[in-house]
Each structure stands twice: as structure tokens, then as C-alpha cells.
Amino acid sequence: MLVALFAKDKPGALQIRKDTRAEHLAYIDRTGVVAQAGPLLDDAGEMAGSLVILDVADMAAAQDWADKDPYALAGLFESVTLTAWKKVIG
């Protein structure tokens, strides 16, 4: 199943994101369940959140992936939402 993870960074947490980015990208490579991903941007064009499309067995697997993401472990996010998603275009 495809699951969209929307994460909003805590205010003022850009440095946490930058410091943890390499670890986060390595986690994506290592786990092999990310179909698409990229940062959400604020009005100034700075990274301010994440959109990750996970291809997992179920919502529990999506939650497990989200909980173990180095960004989450570093306390980067103000909020994280997981929503089942259906790819139609692209």
C-alpha cells in the first residue's frame, strides 16, 4: 500500500534538519520502502517539512518507518500525518 507521510518541522529547527539530513537519506536508502520524497518549502524557499511516499505492507509498517526516521528521532517534527494514498498520475 502507498502511504503519504506529511511532516511539518518545528519552528526554528532548520539546523536540526541540516545536521540530520545525511542520516535521513541513508535511512531512506537502507529501508528501501520510499517511492518518492522531498522537502516541503516555506515562503523563503527553505526546507520546512517533508513529504514521503512509502510503499509498505500496511499502516503499521508506515508508522514504524516514521518512528525510526532519523529526523523524527532528532526531534525535528512538530507534526507527522500518515494517510493512505492512491497513485493516479505519474
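Below you will find a few notes about this structure.

What counts, and at which threshold
Residues numbered from 1 in each chain as written. Predicted model: local features only at pLDDT ≥ 70, side-chain atom pairs only at ≥ 80, totals over all residues. Heavy atoms only, no water. Pairing = 2+ DSSP bridges. Helix = DSSP H or I, 4+ residues; strand = E, 2+ residues; numbered from the N terminus. Axes fitted to C-alpha atoms, helices over the stretch in contact; angles between N-to-C directions. Contact = heavy atoms within 4.5 Å. Salt bridge = Lys/Arg side-chain N within 4 Å of Asp/Glu carboxyl O. Buried < 20%, exposed > 50% of the residue type's maximum accessible area, 1.4 Å probe, protein only. Arc of directions from axis to C-beta. Polar contact = N/O pair within 3.5 Å; in protein donor to acceptor, adjacent residues only side chain to side chain. Phe/Tyr/Trp six-rings, centres within 6.5 Å; stacked < 30°, edge-to-face > 60°. Expected span 1.5 Å × (residues − 1). Bend = angle between axes of the 7 residues up to and from the residue.

Pairing in this open sheet of 4 strands is antiparallel, and the strands run β2-β3-β1-β4 from one edge to the other. At either end of the open sheet lies a strand with only one pairing partner, and these are β2 (34–41) and β4 (77–85). Taking the axes of each pair of neighbouring strands and ignoring which way they run, one obtains an average angle of 15° across the sheet. Alignment of β2 against strand β3 (residues 47–55), held across 7 bridges, turns out to be antiparallel. Opposite Gln-36, over in β3, you have Ile-53 as the bridge partner. Sheet strands in contact with helix α2 (residues 59–68) are β1 (2–9), β2, β3 and β4, and its direction is about 155° off that of β4.

A separate point is the pattern of salt bridges. Here the structure, examined in full by the defined rule, presents 3 salt bridges. A salt bridge links Asp-64 to Lys-68; the shortest N-O distance between them is 3.2 Å. Of this pair, Asp-64 and Lys-68 are both found in helix α2, 4 residues apart, which corresponds to roughly one turn of the helix. Given the relative accessible area of 46%, Lys-68 is considered partly exposed.

Another aspect to go through is α2. Listed in full, the buried residues belonging to α2 are Ala-62, Trp-65 and Ala-66. In an axial view of α2, the angular spread of the buried residues amounts to 100°, which keeps them on one side of the axis. On its buried face, α2 sits against β1, α1 (14–31), β2, β3, α3 (70–73) and β4. Sitting at the amino-terminal end of α2 is Asp-58, which places a side-chain oxygen 3.2 Å from the backbone nitrogen of Ala-60.

Moving on, we come to the packing of aromatic side chains. With the rule as written, the count across this model stands at 2 aromatic pairs. On the numbers, 4.9 Å between centres and 35° between planes, the contact of Tyr-27 with Trp-65 is tilted. Separated by 38 residues along the polypeptide, Tyr-27 in helix α1 and Trp-65 in helix α2 bring together distant segments of the chain. On the accessibility criterion, Trp-65 (4% relative accessible area) is buried. Taking the centre distance of 6.1 Å and the plane angle of 90° together, the rings of Tyr-71 and Phe-77 count as edge-to-face. Comparing Tyr-71 with Phe-77 shows no difference in burial state: the two are buried.

The next subject is α1. Since one α-helical turn is 3.6 residues long, residues separated by three or four positions face the same way. Compared with an ideal rise of 1.5 Å per residue, which puts 18 residues at 26 Å, α1 spans 24 Å between its outermost C-alpha atoms and is within 8% of the ideal. The axis of α1 is deflected most strongly, by about 55°, at Thr-20. Along α1, the residues classified as buried are Arg-17, Thr-20, His-24, Tyr-27 and Ile-28. Along its buried surface, α1 packs onto β1, β2, β3, α2, α3 and β4. Backbone geometry just downstream of α1 places Gly-32 in the positive-phi region, at approximately 70°.

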